[in-house]
Amino acid sequence: KQMNKIMNKRPTEKEYASFYAKYIAQIKGNDIMEVLAQHTAKVIAFMESIEAEKWNFRYAENKWSIKELYIHLIDAERVMAYRALRIARNDKTALAGYEQDDYVPFSAADTRTKASIIAEYRAVREGSMQLFKNFTPEMWERSGIASGWPVSVLALAYIIVGHELHHVQVLKERYLKA
């Protein structure tokens with residue numbers, strides 16, 4: 001019951017950098033594990049609905065392809081889950097940032113198949129959910145420093161979903177309406 005109490009709350013503004021507020025604000029509900037489960041099923045169904053030939057599409061020059069966008073989401077989730085692991089385990093080391101635009105050119109995303117990206121997405125999300133599912137209430141409440149800003153384990157879980165919601169909206173508006 002105490003675990004549910006921790007997961008049935010939202011992070012406060014003191015638990016994350018202000019630039020993450022737009023992501024966290026997009027999330028409806030207070031049970032982040034339920035949100036993760038429901039959102040995962042929706043995202044996978046959405047990914048599967050995109051025709052394979054569209055996955056290399058870029059809505060403008062120098063913009064990511066759909067493949068690159070999904071690899072970016074996978075990379076970002078891995079980074080956020082890693083941060084959550086370190087902070088949950090009471091690692092007091094300040095965690096470095098990462099530059100998303102430096103990752104994409106080296107991801108080889110455009111050489112991948114739709115199926116391989118969806119499979120990797122599933123695996124990463126399952127790993128994140130298993131990690132978060134097994135945190136104790138104390139772990140959920142821990143905070144650390146990442147990219148020079150305070151962040152809690154709870155906020156990191158919300159950031160994963162909110163960041164993904166943001167990019168799925170961009171995908172719908174800019175990639176699939178073209």
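As shown above, the structure is provided for reference.
Residues numbered from 1 in each chain as written. Predicted model: local features only at pLDDT ≥ 70, side-chain atom pairs only at ≥ 80, totals over all residues. Heavy atoms only, no water.

Enquirer: Just checking my understanding: could you explain the packing of aromatic side chains for this structure?
Expert: Aromatic ring pairs are reported here in terms of the distance separating the ring centres and the angle at which the planes meet. Counted by the stated rule, this structure contains ten aromatic pairs. The interplanar angle of 80° and the centroid separation of 5.0 Å between the aromatic rings of Tyr59 and Tyr175 together place this pair among those described as edge-to-face. Of this pair, Tyr59 sits in the loop between helix H3 (32-49) and helix H4 (66-88) while Tyr175 sits in helix H8 (residues 153-175), and the two are 116 residues apart along the sequence. Given a relative accessible area of 6%, Tyr175 falls into the buried group. Ring geometry for Phe135 against Trp140: centres 5.8 Å apart, planes inclined by 80°, an arrangement best described as edge-to-face. (Phe/Tyr/Trp six-rings, centres within 6.5 Å; stacked < 30°, edge-to-face > 60°. Helix = DSSP H or I, 4+ residues; strand = E, 2+ residues; numbered from the N terminus. Buried < 20%, exposed > 50% of the residue type's maximum accessible area, 1.4 Å probe, protein only.)

Enquirer: So what exactly am I meant to see when it comes to the nonpolar core here?
Expert: Nonpolar side chains in soluble globular proteins tend to be buried together. Judged by nonpolar contacts, the single largest core of 33 residues is most densely connected at Ile32, Phe132, Phe135, Trp140, Val153 and Ile159. Contributions of two or more residues to this core are made by helix H2 (21-25), H3, H4, helix H6 (114-133), helix H7 (137-141) and H8. In terms of residues, this core owes the most to one element, H8, which gives nine residues. Core analysis: the next-biggest nonpolar cluster, separate from the first, contains 23 residues, Phe46, Trp64, Ala109 and Tyr175 among them. (Core = buried A, V, L, I, M, F, W, Y, C linked by side-chain atoms within 4.5 Å.)

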